[in-house]
Amino acid sequence: MNVTIPYKNSVIRELHSIDPLAERIGAVNTLVRETDGNGFRGYNTDMTGLYRSLQQENIAIAGESVIILGAGGVARAVAYLCAVKGAGQIYLLNRTRDKADKIAAEINAGEKRDCVISMQLSDYRDIPEIFGKYLCIQCTSIGMYPREDNAVIEDAAFYRKLHTGVDLVYRPFETQFLKHTAQYGAKCVSGLKMLLYQAIDAFELWNQVQITQDQADMVYRKLIRSFSRKGNIVLIGFMGSGKSTVSQILADKLGYTCIDTDVNIEQQAKMTIRDIFASRGEEAFRQMETGSLREFAECGRDRIVLSAGGGLPLREENRTLMHRIGKVIFLHAQPQTVYERLKDDHTRPLLQGENVLEKIENLEKEREKYYQMAADFVITTDQKTPQEVADEIIRCTAGMVQGEEV
Ligand code: S3P
């Protein structure tokens, strides 16, 4: 399991064993059950994750001169990480000087070298100009949503001293600190990378697996997408997975507008889906689907729940459009569940005639990978009421959708 603020320190006394880096840092965020089942071993993947995200960006710590902004729990851990990984001089700046002094004294004693120099934040001009410039890691909460217009230091002269700026704040994706960093030509790393790699490190520890760079990149792209999109929700999944019913409940709960691509198409064509299939053929229907989706992607509407016809995610073009619209949730239902829900339905041309269960099984198998590719979140709907599914969607998108009244 993961442990978060305010228990990252106090959980240590409950552990059976602790990873040496986490012990030196004095904070644990990941618990892994001991192989003999006897209690838990604690790790700090916030820091291994940060280290890994820097490595992945080809940013070294060993021998580097580092500036750390802030002296809270995270800044302390980052200072430890830099010291342990062999940074040269580390400047630790904080508004309350005392806190920075304490951390510096503690790390210098532990590492047996005077690597950390604490300073008052407002004295940042006293940081010497050096050849090769500084790696700066921003560890305060300044600039975090919803107060996005602030940076901890606004002065251009400071940013000219940096070769790289890392902001541990990841909402918004591009903080004011990173905008200043970029403006003066330094490399920028968003805190989203650390968020990603702390999770990957934890996942690897729990499951004894290795996540490949391709997999990590794929998840990162999804993270970026979900941060840069509006608060809309797109429900995808097989026929009978519950999209239409759940989207209505969800829209009511969030105060959003519910839109169904099938209904939209039927209204525009002034005929039923069944008649469109029969008179114009499936290909014409698929063109209408893409057209309908494009309309929503281009109109820039916000606060909508879009229930997407079951075949939409199959086209790559449609998957791209969906991601422009909002967060994509894949509602998954087993063939048997779909069969029970739709066995008496006559509106879906693809599920008519003999051997309906077999048709469902085959089609679902064929489509699964497209649904997975399109999805930001996957939710199973078997044995759940539409109400329960809607609540689960709200939980898993919490903070990302703009239905703050929820
Ligand atoms: C289809 C799903 C249906 C409808 C049409 C084709 C499909 O929508 O668009 O019958 O190819 O899966 P629902 O998923 O809303 O049933």
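Scroll up to find the structure.
Residues numbered from 1 in each chain as written. Predicted model: local features only at pLDDT ≥ 70, side-chain atom pairs only at ≥ 80, totals over all residues. Heavy atoms only, no water.

Caption draft 1: Structural view of the sheet that holds strand β4 (residues 66-69). Strand order across the open sheet formed by six strands is β6-β5-β4-β7-β8-β9, with parallel pairing between neighbours. The open sheet is flanked by β6 (116-120) and β9 (187-190), the only strands paired with a single partner. Looking at each pair of strands side by side, their axes are set apart by 20° on average, direction ignored. Docked against the sheet, helix α6 (residues 176-183) engages β4, β7 (134-138), β8 (162-167) and β9, running at close to 165° with respect to β8. Against the sheet, helix α7 (residues 191-207) makes contact with β8 and β9, and its axis sits at roughly 45° relative to β9, the strand it touches most. (Pairing = 2+ DSSP bridges. Helix = DSSP H or I, 4+ residues; strand = E, 2+ residues; numbered from the N terminus. Axes fitted to C-alpha atoms, helices over the stretch in contact; angles between N-to-C directions. Contact = heavy atoms within 4.5 Å.)

Caption draft 2: Fine view of the packing of aromatic side chains. Following the criterion strictly, the structure yields six aromatic pairs and no others. A network of ring pairs unites the aromatic residues Tyr124, Phe158, Tyr159 and Phe177 as a single cluster. Note that Lys85 overlies the ring of Tyr51, its terminal NZ or CZ placed 4.3 Å from the centroid. (Phe/Tyr/Trp six-rings, centres within 6.5 Å; stacked < 30°, edge-to-face > 60°. Lys NZ or Arg CZ within 6 Å of the ring centre and 35° of its normal.)

Caption draft 3: Representation of the site of the ligand in the model. Around the ligand, the structure places 14 residues, and the nearest of them are Lys243, Asp262, Arg286, Arg348 and Arg367. Here an oxygen atom of the ligand and a side-chain polar atom of Lys243 are 2.4 Å apart. Measuring from an oxygen atom of the ligand, one finds a backbone N or O atom of Gly311 at 3.3 Å. The fraction of the free accessible surface of the ligand (380 Å²) that becomes covered by protein chains is 97%. Looking at the shell around the ligand, the element that brings in the most residues is helix α12 (residues 282-299), giving three residues. A class-by-class count of the residues in the shell around the ligand yields five nonpolar, three polar and six charged. (Near = heavy atom within 4 Å. Polar contact = N/O pair within 3.5 Å; in protein donor to acceptor, adjacent residues only side chain to side chain. Areas by Shrake-Rupley, 256 points an atom, 1.4 Å probe, with all protein chains shown as cover. Nonpolar A, V, L, I, M, F, W, Y, C, P; charged D, E, K, R; others polar.)

Caption draft 4: Main features of the pattern of salt bridges. Throughout the structure, instances matching the rule amount to 19 salt bridges. Its salt-bridge partner being Arg24, residue Glu111 comes within 2.8 Å of it at the nearest N-O pair. With Glu111 in helix α4 (residues 97-111) and Arg24 in helix α1 (residues 20-25), this residue pair connects regions lying 87 residues apart in the sequence. Here Arg125 and Asp155 are joined by a salt bridge, their closest N and O atoms 3.8 Å apart. Here Arg125, found in the loop between β6 and β7, pairs with Asp155, found in the loop between β7 and α5 (156-159); they are 30 residues apart in sequence, far enough to count as distant. Residue Asp155 is classed as partly exposed on the basis of its relative accessible area, which comes to 23%. (Salt bridge = Lys/Arg side-chain N within 4 Å of Asp/Glu carboxyl O. Buried < 20%, exposed > 50% of the residue type's maximum accessible area, 1.4 Å probe, protein only.)

Caption draft 5: Region of the structure containing a nonpolar patch on the surface. Taken together, Phe203, Trp206 and Val209 make up a surface patch of nonpolar side chains, about 250 Å² in accessible area. Position of Trp206 relative to the elements: it lies in helix α7. Here Trp206 falls in the partly exposed class, since its relative accessible area comes to 34%. (Patch = residues over 30% accessible without salt bridge, like charges linked within 9 Å, V, L, I, M, F, W, Y side chains within 5 Å.)

Caption draft 6: How the structure looks around the sheet that holds strand β10 (residues 233-237). Taken together, five strands build an open sheet; the order of strands is β11-β12-β10-β13-β14 and the sheet is parallel. Only two strands of the sheet have a single neighbouring strand rather than two, namely β11 (257-260) and β14 (377-380). Pairs of neighbouring strands in the sheet enclose a mean axial angle of 25°, with direction left out of account. In this sheet, strand β12 (residues 304-307) lies alongside β11 in parallel orientation, the contact comprising four bridges. Within the sheet, the bridge partner assigned to Ile259 lies in β12 and is Leu306. Across the sheet, helix α16 (residues 386-396) is in contact with β10, β13 (327-332) and β14; its angle to β14 comes to roughly 155°.

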